[in-house]
Amino acid sequence: MLMFAVIVASSGLLLMIERGILAEVRPPPLHPGGEPPRRRVAVAAADGGDLEHQVLQDTRNRTIRAVCGRRAMPRSVWDLPPGQRRTVLKHLLVSDKYRFLYCYVPKVACSNWKRILKVLDGALESVDVKLKMDHKSDLVFLGDMKPDEISYRLKNYYKFIFVRNPMERLLSAYRNKFGEIKEYQLKYGMEIVRRYRKNGGQSAGDDVTFSEFLRYLLDEEAERMNEHWMPIYNLCQPCAVRYDFIGSYERLNADANYVLEQVQSPSFIRFPERQSWYKPVTAETLHYYLCNTQRRLIKELLPKYILDFSLFAYPLPNITSEFCRQ
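Note that the structure is predicted; figures quoted are calculated from it, not measured. (Residues numbered from 1 in each chain as written. Predicted model: local features only at pLDDT ≥ 70, side-chain atom pairs only at ≥ 80, totals over all residues. Heavy atoms only, no water.)

Engineer: Just give me the short version of the pairing of strand S4 (residues 245–248), but keep the residues and values in it.
Structural biologist: Side chains of S4 alternate between two faces, with Phe245 and Gly247 and Ile246 and Ser248 buried alike. Where strand S3 (residues 158–163) and S4 come together, four bridges link them in parallel fashion. Note that in S4 the partner of Phe160 across the bridge is Phe245. (Buried < 20%, exposed > 50% of the residue type's maximum accessible area, 1.4 Å probe, protein only. Helix = DSSP H or I, 4+ residues; strand = E, 2+ residues; numbered from the N terminus. Pairing = 2+ DSSP bridges.)

Engineer: Requested: an account of the pairing of S3, with residues and values cited.
Structural biologist: When you tally the buried positions in S3, you get six out of six residues, the bulk of the element. Inspection of the sheet shows strand S2 (residues 100–103) paired to S3 by four bridges, in the parallel sense. Note on S3: the bridge partner recorded for Tyr102 is Phe160.

Engineer: Now, about empty space enclosed by the protein: what can you tell me, with residues and values included?
Structural biologist: Scanning all chains against the criterion turns up one cavity of 30 Å³ or more. Approximately 30 Å³ is the volume attributed to the largest cavity. Forming the boundary of the largest cavity are Gln84, Thr87, Glu223, Met230, Asn234 and Gln237. Classifying every residue of the lining of the largest cavity by side-chain character gives one nonpolar, four polar and one charged. (1 Å grid on protein atoms, 1.4 Å probe; cavity = no way out; pocket = protein on both sides within 12 Å on 5 of 7 lines; lining within 4 Å. Points joined across faces, edges and corners; volume = space filled by probe spheres on them. Nonpolar A, V, L, I, M, F, W, Y, C, P; charged D, E, K, R; others polar.)

Engineer: Any details on the pattern of salt bridges? Residues and values, ideally.
Structural biologist: Scanning the entire structure with this criterion turns up 11 salt bridges. Between Glu191 and Arg195 there is a salt bridge; the shortest N-O distance is 3.4 Å. Of this pair, Glu191 and Arg195 both sit in helix H8 (residues 182–196), separated by four residues, roughly a single helical turn. With its nearest N and O atoms 3.2 Å apart, the salt bridge here joins Arg251 to Asp255. Accessibility expressed as a relative area gives 23% for Arg251, which makes it partly exposed. Among the charged side chains, a network of salt bridges with common partners joins Glu191, Arg194, Arg195 and Glu220. (Salt bridge = Lys/Arg side-chain N within 4 Å of Asp/Glu carboxyl O.)

Engineer: Give me the sheet that holds S2: which residues, what numbers.
Structural biologist: Sheet architecture is open: four strands sit in the order S1-S2-S3-S4, paired in mixed fashion. Strands with a single pairing partner mark the edges of an open sheet, and in this sheet they are strand S1 (92–95) and S4. Direction aside, the axes of adjacent strands within the sheet are offset by 25 degrees on average. Examined bridge by bridge, S1 and S2 share four bridges and lie antiparallel to one another. Bridge pairing in S2 links Leu92 to Cys103. Of the strands in this sheet, S1, S2 and S3 are in contact with helix H6 (residues 147–156), which crosses S3 at around 75 degrees. Helix H11 (residues 252–262) rests against S3 and S4 of the sheet, and its axis sits at about 170 degrees to S3. (Axes fitted to C-alpha atoms, helices over the stretch in contact; angles between N-to-C directions. Contact = heavy atoms within 4.5 Å.)

Next up, the structure:
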C-alpha cells in the first residue's frame, strides 16, 4: 500500500510540475507543526545570502511538503513496512556526543563523512589519515538501538543528508564498481552480462556496458537494490525522517562546513579534500554516456528515480537529439 502511495505521489508531483502548480505554492516552514526554532535558523544560515541556494532550499522544502503531505505517505519510520524501516535505520549514523544523525548515501561523499564521525568519536586521529575506509567499525548505527532510543534521537537530534544528481550518481557507481572493484565485477557484473548479452558467459564481469547496467536497474526492485544504486528516497526516507538540512554534492564543501558549524564540531575538524586518485563525473562525461545510450532505456528508468529528481530539485536528463549533437 505504501509503495502504491509513493507511485501515486510521484506521478501527481510530475503533473504538478508540468502544470506549474508548485511555483504557486508558498514556501512552507522548514518543518510544519511545532518544529524547534533551530530548524528555521538552519536553512536560513546556510543560504548565507546566496540567492540561488536559497531558491534551491525553498524548492526542496515546498516539494517535500507537497509530496510527503499526502495522506498515505509515512509520517515516521514506524509507519514504514519492516524492510523499508530496516534500510533507513541502518543508513542513519549516530553521534551522541554531538547529537546528530547523518543518513549516508553511497557515492555522495559518504566515506569522508564517516571519517569525520570517527574523528569526532576519537577512533581516528585525523580526517587525513591514509587508511582504507572500514565502513562498519567504530560507527554507531541507529538501527542497532532500541525503539525508544531510536525515537528519542529522531525527535531531538539534528538530522542531515547529502544528495546528488541521480544520473550522475548512477554513472559514478557504474564506473567505480564495474571498472575498479573485483568483488562487484564477480557478484554483479558477471550476472548482468549473462542476463543481457548474447554469448556473455565468458565475461569476467569487468566489461559491463552502461546500457547493460541500466537494463539491470530496470529489472530490479528499488527496495532490493544494492545501496550504491538504490534511490536516495528508499535509502533515507525523507517523508518518514524530517531532515533539518539537505546538503548538495554540488556544494559539498560549503554545505559540509555549514553542517559542522551547526553540530558545533571542534574548529580543527574540516571536511576532507578529495583524494588525488578520484575521477569525478564531469558534465561532459555524463553527457557522453547519456547520449550514447538508447533514449528509450533512460526514459523507462526515470520513474524508478523520479522522487530523487523531484524532491531534491534536479532536472531530468536532457537526451534530445539536438542536445546530443552538441
